[in-house]
Amino acid sequence: MKLNSRAVHSGDRKRSASGWTPVTTPIHLASSYIYNDMEDLDKVFAREMPGQVYGRYGTPTSDALEEVVNELEGGAGALACSSGMAALHMAINTALIDRRRVVLAGKLLYGATLGMLMKVFEPAGVEVVFADFDDENEVAAAIAEHRPGAIVMETIVNPLLRVPALDRIAKMANEAKAPLIVDNTFATPMLMRPLQHGAAMSVHSLTKYLSGHGDVLGGAVVADAEHIEPLRNLSRTLGFTLGPFECYLAMRGIKTFPLRMERQCANACRVASWLATHPAVDRIYFPADPKHPDADNIKRLLPAGIYGAMVSFEVKGADRAGIFRLMNALQMVVPATSLGDVHTMMLYPAMASHRELSPKHRERLGIRDNLVRLSVGIEAAEDIIADLDRALKA
Ligand SMILES: *Cc1c(COP(=O)(O)O)cnc(C)c1O
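So, a few notes on the structure that sits alongside this text. Not measured: the values here are computed from a predicted model.

Leu65, Leu104, Leu180, Leu275, Phe313, Met346 and Leu374 are the most contacted members of the largest nonpolar core, which totals 84 residues. Residue assignment places this core across two domains, with domain 1 (3-254) and domain 2 (257-393) each supplying three or more. Residues within four places of Met346 in sequence aside, it is in contact with Phe313, Leu326, Met327, Leu330, Val333, Val334, Pro335, Ala336, Val372, Arg373, Leu374 and Leu388.

Before going further, it helps to examine helix 11 (residues 257-276). Residues spaced three or four apart along an α-helix point in a common direction, a consequence of the helix completing one turn every 3.6 residues. Helix length check: helix 11, at 20 residues, gives a terminal C-alpha distance of 27 Å against a target of 28 Å (1.5 Å per residue), a fit within 8%. Within helix 11, the full set of buried residues consists of Phe257, Pro258, Arg260, Met261, Gln264, Cys265, Asn267, Ala268, Val271, Ala272 and Leu275.

Around the ligand, the surrounding shell holds 13 residues, and the nearest of these are Gly84, Asp183, Ser205, Thr207 and Lys208. The backbone of Met85 places a nitrogen or oxygen atom 2.9 Å from an oxygen atom of the ligand. Between the ligand and Thr207, the relevant distance is 2.7 Å, taken from an oxygen atom to a side-chain nitrogen or oxygen of the residue. Here the ligand loses 93% of its free accessible area of 380 Å² to cover by the protein chains. Of the residues contributing to the shell around the ligand, the split by class is five nonpolar, six polar and two charged.

All chains considered together, the criterion is met by three aromatic pairs. A centroid spacing of 6.1 Å and a plane angle of 85 degrees characterise the contact between Phe324 and Tyr348, whose relative ring orientation is edge-to-face. Taken together, the positions of Phe324 in helix 13 (residues 320-328) and Tyr348 in the loop between strand 10 (345-347) and helix 14 (359-365) put the pair 24 residues apart, joining distant regions of the chain. Given a relative accessible area of 31%, Phe324 falls into the partly exposed group. Between Arg236 and the ring centre of Tyr57, over which it is positioned, the NZ or CZ distance is 4.1 Å.

Attention now goes to the pattern of salt bridges. On inspection of all chains with the given rule, the structure shows 16 salt bridges. Through salt bridges with shared partners, one network takes in Arg47, Glu229 and Arg232.

Calculation rules
Residues numbered from 1 in each chain as written. Predicted model: local features only at pLDDT ≥ 70, side-chain atom pairs only at ≥ 80, totals over all residues. Heavy atoms only, no water. Core = buried A, V, L, I, M, F, W, Y, C linked by side-chain atoms within 4.5 Å. Buried < 20%, exposed > 50% of the residue type's maximum accessible area, 1.4 Å probe, protein only. Domains from an automatic or database assignment. Contact = heavy atoms within 4.5 Å. Helix = DSSP H or I, 4+ residues; strand = E, 2+ residues; numbered from the N terminus. Expected span 1.5 Å × (residues − 1). Near = heavy atom within 4 Å. Polar contact = N/O pair within 3.5 Å; in protein donor to acceptor, adjacent residues only side chain to side chain. Areas by Shrake-Rupley, 256 points an atom, 1.4 Å probe, with all protein chains shown as cover. Nonpolar A, V, L, I, M, F, W, Y, C, P; charged D, E, K, R; others polar. Phe/Tyr/Trp six-rings, centres within 6.5 Å; stacked < 30°, edge-to-face > 60°. Lys NZ or Arg CZ within 6 Å of the ring centre and 35° of its normal. Salt bridge = Lys/Arg side-chain N within 4 Å of Asp/Glu carboxyl O.

Next comes the structure, spelled out in structure tokens:
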């Protein structure tokens, strides 16, 4: 089945002996389960028989969500977590269970991911090494020098929308026997499926495109055959599991994810080409830009004509006050801290996603004070453009 069909059907409508089946998976709130026979409960505990035991281990609702997310990404199994950050934490901990406690990560990543590596993993005794993932030689050298137990990267990197050579980096990671963990939140399985390139785990903030309506926080890890059981075991102990209500909302969102994403990507192309010639715009960052520094990777890795729905741009001569003025002047575009929703959103990285980094650190990474990040929604492109035009002139 194609992605669109899987999104609608996978996980739902498990036939039961009763003869009737709800068309959508219900919200199962029970925290524990009984069986007709203690022998059966024993078998479920031993994982010799599928079934439910206790809410921390999962619910029929989380099972259904995990099935659809896994089908979209093509893994051996998925784990639904209470947030994207919880999912990343689970993935890194799973990779490090029996490996060298050294993580090699991209220099530029989602702000909270950098924060977690430096403020949670490092103090816990994990050595964290950063490299420029847009430079394959630098990654190869860092792997050889530090022999990491896990490698962490993003498919489309926040917020400058670089597209590293996932396929080649996955090959290097496999040769070094270091599991590659890929945050695929920005690209979504519509643009890239990291496990097919050799990644060990693909991580999502379900809060973003997959749920898509700005009403649920969640995350997911999709793992290969080697990592799915260790991941589930760790989760059974720690319980960063996603509650059944959130699972239901995420699953409801996923049914329309391919449809929304198609529209969002098409809108992003229109908005980006309009911004590229706008007199108040210095520079745009968008994977469809023919001058994009990763044009070769984009051509090789992304489906033709689909470039994601994130567009970053620098406003000519604007400082922090100028960006605040622009964002205050928006009438339809939502100046909110998230991405991937049905509504277009604008975020100011220096104030929000990359706030925790020092101004010098941001400058080194190329995140300037006049940079804004747009998550293009499903509205009419004309309306998005008209609102941006009005605000850019304010
Ligand atoms: C939002 C986001 C996260 C964190 O997800 P939460 O659901 O907010 O915990 C991680 N990575 C990327 C790329 C994100 O956009």
